[in-house]
Amino acid sequence: MNCLSTFIKFTRQLKVFIRSPFSTIALLVRRQVLRLKGVTVGRKLCLEGRIDVAVGRNVRLGDYVRLGGGVYLGTWPTGKLVVGDNTYIGRWSIILAHESVMIGSDCLIAPGCHITDVNHGIAPGELIRNQPLVSKPVCIGNDVWVGVGCSILPGVTIGDGVVVGARSVVTNDVPANAVVVGAPARLIRYRTEKAQ
Ligand SMILES: CC(C)(COP(=O)(O)OP(=O)(O)OC[C@H]1O[C@@H](n2cnc3c(N)ncnc32)[C@H](O)[C@@H]1OP(=O)(O)O)[C@@H](O)C(=O)NCCC(=O)NCCS
């Protein structure tokens, strides 16, 4: 039994040893690809898989940013996207900046979130797809936790220390330290108050 567990331990360590040079090379290549696309990358950027960036100019990722696999960062030539230091963006999240999307430091954006500063024009009598885009900047403070599968819509400012519940749709500004949930997101309490 002892022999078996030693063997299992040994094969696990061997796997890690073989895999790590490849994943380190893959990480370095992915970082370099982002730089080549024009993204400004801070120190120790961690990429947990393939990241898609459409038009990298005006995308700035701070130090120790961590991006999950499948994250898509899209900026129009007119748009600016900034992610602060030490912020995590979960797998398959999509962030689109036509004008300006600012995400602060130490934030946790859970997987599958959509953050966008842009709407299609929806005047009647004309195809929506032919109408000009209408943008309003989005600003997310520091130390914000956005739960899984949320949407943050154009024009929204989220204060420092906010918690956004899973699957919420944030349509209005959220004051600092608030906990908001639902679609549209409503305030349930402040973090300074105890949960009931
Ligand atoms: C927002 C959250 C932190 C609130 O937790 P909490 O303070 O313990 O809140 P409670 O569970 O006491 O819920 C308070 C009320 O909000 C409602 N509520 C909580 N989360 C909700 C959500 N995501 N959507 C809609 N309503 C929600 C509850 O039903 C309850 O309503 P009621 O008072 O009418 O019964 C938690 O519910 C949540 O959504 N966590 C996100 C989990 C996640 O995405 N994890 C990913 C890991 S990165």
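Residues numbered from 1 in each chain as written. Predicted model: local features only at pLDDT ≥ 70, side-chain atom pairs only at ≥ 80, totals over all residues.

### A closer look at the overall build of the protein chain
Rules: Helix and strand assignments come from DSSP, with helices taken as H or I runs of at least 4 residues and strands as E runs of at least 2, each series counted from the N terminus. Neighbour density around each residue's C-beta defines its exposure: 20 or more other C-beta atoms within 10 Å make it buried, 12 or fewer make it exposed, and counts between make it partly exposed, where C-beta atoms are placed from the backbone. Here, residues touch in the contact sense if the C-beta positions derived from the backbone fall within 7 Å of one another.
Regarding its fold elements, the protein chain presents one helix and 22 strands. Seen through its C-alpha atoms, the protein chain measures out along the principal axes to roughly 75 × 50 × 30 Å. Classification of the 196 residues of the protein chain by burial places 30% in the buried group. Within the protein chain, residue pairs in contact and separated by at least 24 positions form 16% of the contacts whose partners lie at least 6 positions apart.

### Brief notes about the sheet that holds strand 16 (residues 145-146)
Where we set the bar: Only strands that DSSP links by at least two bridges are regarded as paired with each other.
In space, the eight strands of this open sheet follow the order 2-5-8-11-16-19-21-22, with mixed pairing throughout. Two strands in the sheet have a free side with no partner beyond their single neighbour: strand 2 (46-47) and strand 22 (186-190). Sheet analysis places strand 16 next to strand 19 (residues 163-164), joined by two bridges and oriented parallel. Of the residues in strand 19, the one forming a bridge with Trp-145 is Val-163.

### Points about the pairing of strand 10 (residues 100-103)
Burial along strand 10 is one-sided: Val-101 and Ile-103 are buried, while Ser-100 and Met-102, pointing the other way, are not. Sheet topology places strand 7 (residues 80-83) next to strand 10; four bridges connect them, and they run parallel. Directly across from Val-82, in strand 10, lies its bridge partner Met-102. Pairing of strand 10 with strand 15 (residues 138-140) involves three bridges; the strand directions are parallel.

### Some points on the pairing of strand 9 (residues 94-97)
Relative to strand 9, strand 6 (residues 72-75) runs parallel, the two sharing four bridges. Across the sheet, residue Thr-75 finds its bridge partner in strand 9, namely Ala-97. Where strand 9 lies against strand 12 (residues 114-116), three bridges are found, and the strand directions are parallel. Within the sheet, the bridge partner assigned to Leu-96 lies in strand 12 and is Thr-116.

### Digging into the domain arrangement of the protein chain
What counts here: Annotation comment: domain bounds sourced from an automatic or database domain assignment. Three categories are distinguished: nonpolar for Ala, Val, Leu, Ile, Met, Phe, Trp, Tyr, Cys and Pro, charged for Asp, Glu, Lys and Arg, and polar for the others, with Gly belonging to the last.
Domain parsing of the protein chain yields domain 1 (1-36) and domain 2 (39-190). Centre-to-centre, using C-alpha coordinates, domain 1 lies 32 Å away from domain 2. Considering only residue class, the side of domain 1 that touches domain 2 consists of two nonpolar, no polar and three charged.

### Observations regarding the sheet that holds strand 20 (residues 169-170)
If you trace the six strands from one edge of the open sheet to the other, you get 3-6-9-12-17-20, paired in parallel fashion. Whereas interior strands pair on both sides, the edge strands pair on one side only; in this sheet they are strand 3 (52-54) and strand 20.

### Let's talk about unusual backbone geometry
A cis amide bond, omega -5°, links Ala-183 with the succeeding residue Pro-184. Topologically, Pro-184 is positioned in the loop between strand 21 (178-181) and strand 22. Located in the positive-phi region is Lys-44, a residue other than glycine, with phi close to 55°. Residue position: Lys-44 is located in the loop between strand 1 (40-41) and strand 2. Taking the number of C-beta atoms within 10 Å as the measure of exposure, Lys-44 has 12 and is therefore exposed. Although it is not a glycine, Asp-143 sits at a positive phi angle of roughly 55°. Examined against the element boundaries, Asp-143 turns out to sit in the loop between strand 15 and strand 16.

### Quick look at the environment of Gly-68
Checked against the element boundaries, Gly-68 lands in the loop between strand 5 (66-67) and strand 6. What makes Gly-68 buried here is the crowd of 20 C-beta atoms within 10 Å. Counting along the chain gives 23 residues from Gly-68 to Arg-91, while the straight-line C-alpha distance between them is 4.1 Å. When near neighbours in sequence (up to four residues on either side) are disregarded, Gly-68 contacts Glu-48, Gly-49, Ile-89, Gly-90, Arg-91 and Pro-111.

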